[in-house]
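A closer look at the structure
Each chain is listed here by its residues.
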Amino acid sequence: MAALGQHAVSKVKNAESQLVQEWIAALEASGGTRNVKGDELKADTREFLQLITSSLENGAGTAIGAAQWEDTRQFLERLSRNRAQMGQDSSQTANFIFALKGPFFALLQKEFASEPQLLAEQLLQASELFDALGLHTIRTYQASREAVIRRQQEELLELSTPVVKLWDGVLALPMIGTLDSQRTQVVMESLLQRIVDTGSEIAIIDITGVPTVDTLVAQHLLKTVTAIRLMGADCIISGVRPQIAQTIVHLGLDLQGVVTKANLADALALAMRRLGVTFTKAQ
Amino acid sequence: MNVRSSGSQPVRVEQDVVMARQVSRKLAQDCGMRLIDLTKLVTAVSELARNTMVYGGGGDMDWQILDDNGRTGLRLTFRDEGPGIPDIKLAMTDGWTSGGGLGLGLTGAKRLVDEFELDTAPGAGTRVTITRWT
Ligand SMILES: Nc1ncnc2c1ncn2[C@@H]1O[C@H](COP(=O)(O)OP(=O)(O)O)[C@@H](O)[C@H]1O
Ligand SMILES: [Mg+2]
């Protein structure tokens, strides 16, 4: 069954500019237009109205998954992505649809005032349609938002894993913050790659910035150390403060012969000794 | 013994484990705990909160700050309604894991605190209570 009768659709078409005007007023009142340029909003509202009237003219129902709603769906997907990137939240974005309800229903009420039975039916259909379109908007908004967050997380991951060359043959990896598995994976991969690229012999993993070393963190560290050794390089873990050292002992962790140092300076001194580099103070 | 203050924290997702550590660190500081004891306690929290999330399917961490004859303590209970632990002796063995862990979480946590209590049964969930005194 068609969502709205052709009579109603033609009324909507005739009242287009008035509807757009009232709709924009409703949007502004709800604060849903923040950051959206006036011209853009006018173009969006007009295009959306034209899209739905043309779908309804073709007899489209309230099932918005139907082919007749394809253009409208695509329009809303574009709008959601756009709004998500502008930093609007999901309710502001969905309000684009819901703010049209008021003016739209008022129009139907006016046109069908003398036919309550028909009015009730048209209102129900219109309501179903708007809800479906609103939900679709929220769903696409969320997908876009998640994509934005994922991208930010990935950027953060890359930023937070600097591999520093301290000396010819010596790389340092300062780890900072919480070592959740995903980040540790990235850290490990970039360190291993840099060891290959630079032909380094010694890698220093500095955990001064890691507040808690539990068994999961230790497991990640040990995996990294094993991989480094398999590549023929050596590994030193620095930043093992006294309280961390004691905690490691109580946990019963076996560091499998990994050399640990209290700070990065001590680790570097050891690395230099191993490479046969000696320093003397200038006279 | 007197309960000075108490509260609760959800332990459902990875981020909650981070929060559990932060909350217990703050509470331990409020108790005036030394850095070494604080570090041990927070590490135990990390182990138990992760177990609650991974094996217990999520649960809660309850905390209490206790006053007892001039000493102050922090008591934390991790509870879930998960599958429970069928063989407590086995679970309390260094190096035993049913997952891919190091199997040192429960035993390690026990060594890191003053009091440790494990209450669990198959189908009845798991409760682990730890206390650290200043
Ligand atoms: N809350 C829990 N619910 C069910 N099983 C648990 C729970 N906590 C621990 N276990 C069981 O005890 C085992 C040992 O735990 P743990 O010592 O932390 O080692 P790991 O986490 O490395 O496996 C786990 O592998 C699991 O089978
Ligand atoms: Mg564990």
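Structure report, in brief. Everything numeric here is computed off the predicted structure, so don't read it as measured data.

1. Let's talk about the sheet that holds strand β4 (residues 234-238) of chain A
Residues and elements named next belong to chain A.
- With mixed pairing, the five strands of this open sheet are ordered in space as β1-β2-β3-β4-β5. A single partner strand is all that each edge strand has here, and the edge strands are β1 (164-167) and β5 (259-261). Across the sheet, the mean angle separating the axes of adjacent strands is 30° when strand polarity is ignored.
- As paired strands, β1 and strand β2 (residues 170-176) are joined by three bridges and run antiparallel to one another. Its bridge partner being in β2, V164 is matched across the sheet by A172.

2. So, the site of ligand 1
Residue and element names in this part refer to chain B.
- Taken together, 18 residues are adjacent to ligand 1, and N51, Y55, T97, S98 and G103 come closest.
- T97 has a polar side-chain atom sitting 2.5 Å from an oxygen atom of ligand 1.
- Contacts to ligand 1 include G103, whose backbone N or O atom sits 2.8 Å from an oxygen atom.
- Among the residues forming the shell around ligand 1, the class breakdown is seven nonpolar, 10 polar and one charged.

3. Some points on the sheet that holds strand β5 (residues 126-133) of chain B
All names here are of chain B.
- Reading across from one edge, β1-β2-β3-β5-β4 is the order of the five strands in this open sheet, with antiparallel pairing throughout. Only two strands of the sheet have a single neighbouring strand rather than two, namely β1 (2-11) and β4 (115-120). Between one strand and the next, the sheet's axes are offset by a mean angle of 15°, whatever the strand orientation.
- Against the sheet, helix α2 (residues 35-54) makes contact with β1, β2 (59-68), β3 (71-80) and β5, and its axis sits at roughly 15° relative to β3, the strand it touches most.

4. Thoughts on the interface of chain B and chain A
- Taken together, the contact between chain B and chain A spans 22 residues of the former and 18 residues of the latter.
- Summed over both partners, the interface of chain B with chain A buries about 1700 Å², with 60% contributed by carbon and sulfur atoms.
- Linking chain B to chain A there are one salt bridge.
- Our count for the chain B to chain A interface comes out at eight residue pairs in polar contact (both at pLDDT 80 or more).
- Sorting the residues of the side of chain B that touches chain A by element identifies α1 (14-30), α2 and α4 (105-112) of chain B as the ones contributing at least two each.
- Of the residues belonging to the side of chain B that touches chain A, the class tally is eight nonpolar, seven polar and seven charged.

5. Some details on the packing of helix α3 (residues 38-57) of chain A against helix α5 (residues 90-111) of chain A
Residues and elements named next belong to chain A.
- Running from N to C, α3 and α5 point in directions that differ by 70°, and their axes come no closer than 12 Å. Between α3 and α5, the interaxial angle falls into the category roughly perpendicular. Of the two possible hands of crossing, α3 and α5 adopt the one that is right-handed. Listed contacts from α5 to D44, T45, F48, L49 and I52 of α3 are F96, I97, L100 and F104.
- The class makeup of the residues in the contact of α3 with α5 is seven nonpolar, one polar and one charged.

6. Some details on unusual backbone geometry
All names here are of chain A.
- Phi is positive for Q256, close to 50°, though the residue is something other than glycine.
- By secondary structure assignment, the location of Q256 is in the loop between α9 (242-251) and β5.
- On the basis of relative accessibility, which here comes to 44%, the residue Q256 falls in the partly exposed class.

7. Side note on the nonpolar core
- Within the largest apolar cluster, 63 residues are counted, with the highest numbers of intra-cluster contacts made by A:L191, A:I205, A:I228, B:L74, B:L76 and B:I130.
- Ranked by residues supplied to this core, first place goes to α2(B) with eight residues.
- Within the second largest apolar cluster, 39 residues are counted, among which are A:L41, A:A99, A:L100 and A:L119.

8. Observations regarding the pattern of salt bridges
- Overall, the coordinates contain 23 salt bridges over all chains when judged by the stated rule.
- Close ionic contact of B:R50 with A:D214 constitutes a salt bridge, the shortest N to O distance being 3.2 Å. One end of the pair, B:R50, is in helix α2; the other, A:D214, is in the loop between β3 (202-209) and α8 (215-230), on a second chain.
- We classify B:R50 as buried; its relative accessible area is 14%.
- On the accessibility criterion, A:D214 (2% relative accessible area) is buried.
- Salt bridges linked by common partners bring B:R12, B:D60, B:D62 and B:R79 together as one network.

Rules of the game
Residue indices begin from 1 for each chain and proceed along its sequence in written order. Chains carry letters from A onward and ligands carry numbers from 1 onward, assigned in written order. Residues qualify for local features only when their pLDDT is at least 70, as the model is predicted, and side-chain atom pairs are given and counted only at 80 or more; totals for whole chains, interfaces and linings, by contrast, use all residues. Note that water and hydrogens are dropped before the side-chain values are worked out from all heavy atoms of the structure. At least two bridges found by DSSP between two strands are what make those strands a pair. Secondary structure elements follow DSSP: runs of H or I no shorter than four residues count as helices, runs of E no shorter than two count as strands, and numbering proceeds from the N terminus. Axes, fitted as lines to C-alpha atoms, cover a helix only where it is in contact. Angles between the N-to-C directions of the axes lie from 0 to 180 degrees. Near, as used in this document, describes a residue that has one of its heavy atoms within 4 Å of the molecule or strand being considered. N or O atoms closer than or at 3.5 Å make up a polar contact, with two conditions inside protein: a donor-capable atom paired with an acceptor-capable one, and, for residues adjacent in sequence, both atoms drawn from side chains. Gly is put with the polar residues, along with every residue not named as nonpolar or charged; the nonpolar set is Ala, Val, Leu, Ile, Met, Phe, Trp, Tyr, Cys and Pro, and the charged set is Asp, Glu, Lys and Arg. Only heavy atoms enter the contact rule, under which two residues are in contact if any of them lie within 4.5 Å. Buried area is understood as the total, over both parts, of accessible area removed when two parts are fitted together, assessed with a 1.4 Å probe. Here, a salt bridge means any side-chain nitrogen of Lys or Arg that lies within 4 Å of a carboxyl oxygen of Asp or Glu. These descriptions rest on fixed angle ranges, namely under 35 degrees for roughly parallel, over 145 for roughly antiparallel, 65 to 115 for roughly perpendicular, and the rest for oblique. Handedness of a crossing follows from how the near helix is turned relative to the far one, being left-handed for an anticlockwise turn of less than a right angle and right-handed for a clockwise one. Note on exposure labels: buried denotes an accessible area under 20% of the residue type's maximum, exposed denotes more than 50%, and partly exposed covers the range between, all computed with a 1.4 Å probe on protein chains only. For our purposes a nonpolar core is just a set of buried Ala, Val, Leu, Ile, Met, Phe, Trp, Tyr and Cys residues, chained together by side-chain atoms within 4.5 Å.

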